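Topology and contacts: notes
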Amino acid sequence: MTRALIVALVFLMALFGGWARAELVPCATTAEVAAQLSGKYREAPMARGLTGGGMVMQLWISPDGATWTITITRSDGLTCLLAAGESLDLLQWTRPEEK
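Residues numbered from 1 in each chain as written. Predicted model: local features only at pLDDT ≥ 70, side-chain atom pairs only at ≥ 80, totals over all residues. Heavy atoms only, no water.

1. Some words on the overall build of the protein
Along its length, the protein carries two helices and five strands. If you list the helices and strands of the protein from N to C, you get α-β-α-β-β-β-β. A total of 99 residues make up the protein; the buried ones form 34% of that total. Put simply, 40% of the contacts in the protein that link residues at least 6 apart link residues at least 24 apart. (Helix = DSSP H or I, 4+ residues; strand = E, 2+ residues; numbered from the N terminus. Buried < 20%, exposed > 50% of the residue type's maximum accessible area, 1.4 Å probe, protein only. Contact = heavy atoms within 4.5 Å.)

2. Digging into the nonpolar core
If you look at the biggest cluster of nonpolar residues, it comprises twelve residues: V25, A47, M55, M57, L59, I61, W68, I70, I72, C80, L82 and L88. Those elements that provide at least two residues to this core are strand 3 (56-61), strand 4 (67-73) and strand 5 (78-86). In this structure, L88 is in contact with I61, G65 and W68, ignoring residues within four places of it in sequence. (Core = buried A, V, L, I, M, F, W, Y, C linked by side-chain atoms within 4.5 Å.)

3. Here's the deal with the environment of L59
Checked against the element boundaries, L59 lands in strand 3. Judged by relative accessible area, L59 falls into the buried class, the value being 3%. As a C-alpha pair, L59 and A44 span 15 residues in sequence and 8.2 Å in three-dimensional space.

4. So, the state of the cysteines
Applying the stated criterion to the full structure yields one disulfide. A sulfur-sulfur separation of 2.0 Å characterises the disulfide bridge that pairs C27 with C80. Residues C27 and C80 share a disulfide whose torsion about the S-S bond is about 105°; that sign makes it right-handed. A residue pair is termed long-range when its members are at least 10 positions apart, and C27 in strand 1 (residues 27-29) and C80 in strand 5 qualify at 53 residues. (Disulfide = S-S within 2.5 Å.)

This is the structure we're talking about:
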């Protein structure tokens with residue numbers, strides 16, 4: 001992933017994070033969401049990070065990149081779907097040098 005993709009993911013978390021807390025997006029137990037994404041779409045978590053609010057964001061991707069989903073897991077254990085799409089291309093990412 002490139003820095004641009006990471007910035008985009010952080011933007012989505014900030015934009016939709018409040019919605020997840022307000023139940024305006026579909027939420028279920030983490031096990032239910034994982035079963036649905038891995039069963040129906042063959043997606044697996046490929047990246048994760050902590051939000052400023054202490055929630056866990058995950059990027060789920062199918063093996064061929066045909067589908068992807070961004071989820072956020074709240075402190076109460078519910079996982080909410082923030083975004084989903086098709087035709088994901090992963091870009092090469094290297095860690096920036098530490099100063």
